[in-house]
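Take a look at the letters that make up each chain.
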Amino acid sequence: MQNLMQTHNEHSVAVKVVGGYEDFLQVKRALSNRIFPILIHHIETNATFQVIQMFLKHKSDKEFILAHQPWIAVPLVIFCEDWNFFVQHPLKFFKFSPFWLQVLNLPRLFNDEEAIKDIIERSGTGTVLQLDLESSPPRALVMMDLNKPFMPGVMLSMGKGVWIQFAYENIPVMCFFCGFLYGFHGHTFKECKKSSAVRLFPDFHFAKLNARMKATTSIGNRTNCMLEYRDTNITLGESSSIREELTKELIEDNQQAFEQSEKNNPTSIQ
């Protein structure tokens with residue numbers, strides 16, 4: 001029995017759902033009907049840690065979910081963590097997650113990898129994991145601290161100043177008053193704690209928060225963090241091998257970025 005439980009835990013993830021009610025059926029249906037179908041064995045609320053535990057049938061399913069999160073099923077945003085790591089240090093998790101952002105109004109002089117990475121990281125937005133300069137506008141995958149408000153952009157000191165706007169892809173539940181995702185910093189659908197956020201982040205550009213931070217489209221074919229309901233001709237065996245190939249490099253990159261974010265942000269809001 002103990003060995004069976006260990007096997008289940010090895011193939012399970014801790015789940016945090018923000019942006020609405022924790023709808024098990026919606027989460028399971030959305031993940032199971034993607035272009036690379038995820039085989040979910042069972043979902044339940046773990047009473048000890050007060051968190052959702054999702055049991056998966058294959059290790060490759062777990063690795064794919066972890067590497068390509070957060071998952072969006074409007075209006076829900078779904079964050080996942082490896083269960084065995086989570087139970088060892090539960091307070092350290094659900095603090096960081098990667099998001100794609102588009103860099104708008106960028107002068108041609110700064111349209112290169114080193115400059116864009118420097119702009120994003122110096123602004124305090126997060127750690128850049130990947131850059132896509134072939135898209136227009138350029139975009140970046142950034143590991144972000146969820147206990148800080150989402151940065152609306154940055155002012156470049158060129159002449160009278162040039163405002164570089166950040167637009168985040170697939171973010172349905174961001175508050176444009178305080179900059180937090182619903183479910184973080186005590187934010188709910190009925191209550192925004194902007195006053196406390198202003199005290200904690202006095203240099204933040206709260207006046208720049210607006211709907212332009214929400215990208216209207218996802219550029220290119222990099223949409224693996226968006227849950228989609230569509231049929232596919234890919235067989236289960238093929239999808240499993242494709243998941244393993246897609247996930248191999250991302251797992252290592254995300255882990256390195258997580259460790260770097262922990263070093264750069266030793267203290268976070270609870």
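What you are looking at is a predicted structure, and each value in this text was computed from that prediction instead of being measured.

Conventions adopted
- Residues numbered from 1 in each chain as written.
- Predicted model: local features only at pLDDT ≥ 70, side-chain atom pairs only at ≥ 80, totals over all residues.
- Heavy atoms only, no water.
- Pairing = 2+ DSSP bridges.
- Helix = DSSP H or I, 4+ residues; strand = E, 2+ residues; numbered from the N terminus.
- Axes fitted to C-alpha atoms, helices over the stretch in contact; angles between N-to-C directions.
- Salt bridge = Lys/Arg side-chain N within 4 Å of Asp/Glu carboxyl O.
- Buried < 20%, exposed > 50% of the residue type's maximum accessible area, 1.4 Å probe, protein only.
- Lys, Arg positive; Asp, Glu negative; His and termini not counted.
- Polar contact = N/O pair within 3.5 Å; in protein donor to acceptor, adjacent residues only side chain to side chain.
- Contact = heavy atoms within 4.5 Å.
- pLDDT = per-residue confidence, 0-100.

(A) Highlighting the sheet that holds strand S3 (residues 51–56). Across the sheet, 5 strands lie side by side as S2-S3-S1-S5-S4; this open sheet has antiparallel pairing. With one partner strand each, in any of the chains shown, strand S2 (40–46) and strand S4 (71–73) form the two edges of the open sheet. Put simply, the sheet's adjacent strands are angled 30° from each other on average, direction ignored. Pairing geometry for S2 and S3, over 6 bridges, is antiparallel. Residue Thr 45 lies in a different strand from S3, and its bridge partner there is Ile 52.

(B) Structural detail: the pattern of salt bridges. Tallying each qualifying case throughout the model produces 4 salt bridges. Of the charged contacts in the structure, one is a salt bridge between Arg 139 and Asp 132, with a shortest N-O distance of 3.2 Å. Classification of Arg 139 by relative accessible area gives buried; the value is 1%.

(C) Representation of the side chain of Glu 81 in the model. If you trace the backbone, Glu 81 turns up in strand S5 (residues 76–82). At 10 Å, Lys 16 is the nearest oppositely charged side chain to Glu 81, a buried residue that forms no salt bridge. A distance of 3.5 Å separates a polar atom in the side chain of Glu 81 from the backbone nitrogen of Phe 94. Sequence-distant contacts of Glu 81, defined by excluding residues within four places in its chain, comprise Val 13, Ala 14, Leu 66, Phe 93, Phe 94 and Phe 96.

(D) Structural view of helix H3 (residues 59–67). The buried fraction of H3 is high, at 7 of 9 residues. Among all positions in H3, only Ser 60, Asp 61, Lys 62, Phe 64, Ile 65, Leu 66 and Ala 67 are buried.

(E) Representation of the pairing of strand S10 (residues 162–168). Of all 7 residues that make up S10, 6 are buried, and the element is covered over most of its length. Where strand S9 (residues 153–156) lies against S10, 4 bridges are found, and the strand directions are antiparallel. Bridged to Leu 156 within S10 is Val 162. Once S9 ends, the chain turns through 5 residues before running back antiparallel as S10, passing Gly 159 with a positive phi of about 60°.

(F) Looking closely at the confidence of the model for the protein chain. Averaged over all residues, the pLDDT of the protein chain is 75; the fraction at 70 or higher stands at 70%. Mean pLDDT across the elements of the protein chain bottoms out in helix H7 (residues 236–264) (51) and peaks in S10 (93).

(G) Representation of the side chain of Ser 12. Looking at the element boundaries, Ser 12 is found in strand S1 (residues 12–18). Engagement of the side chain of Ser 12 in a polar contact is seen with the side chain of Gln 53, the distance being 3.2 Å. Discounting residues that sit within four places of it in the chain, Ser 12 has contacts with Gln 53, Met 54, Phe 55, Leu 56, Lys 62, Asp 82 and Trp 83.

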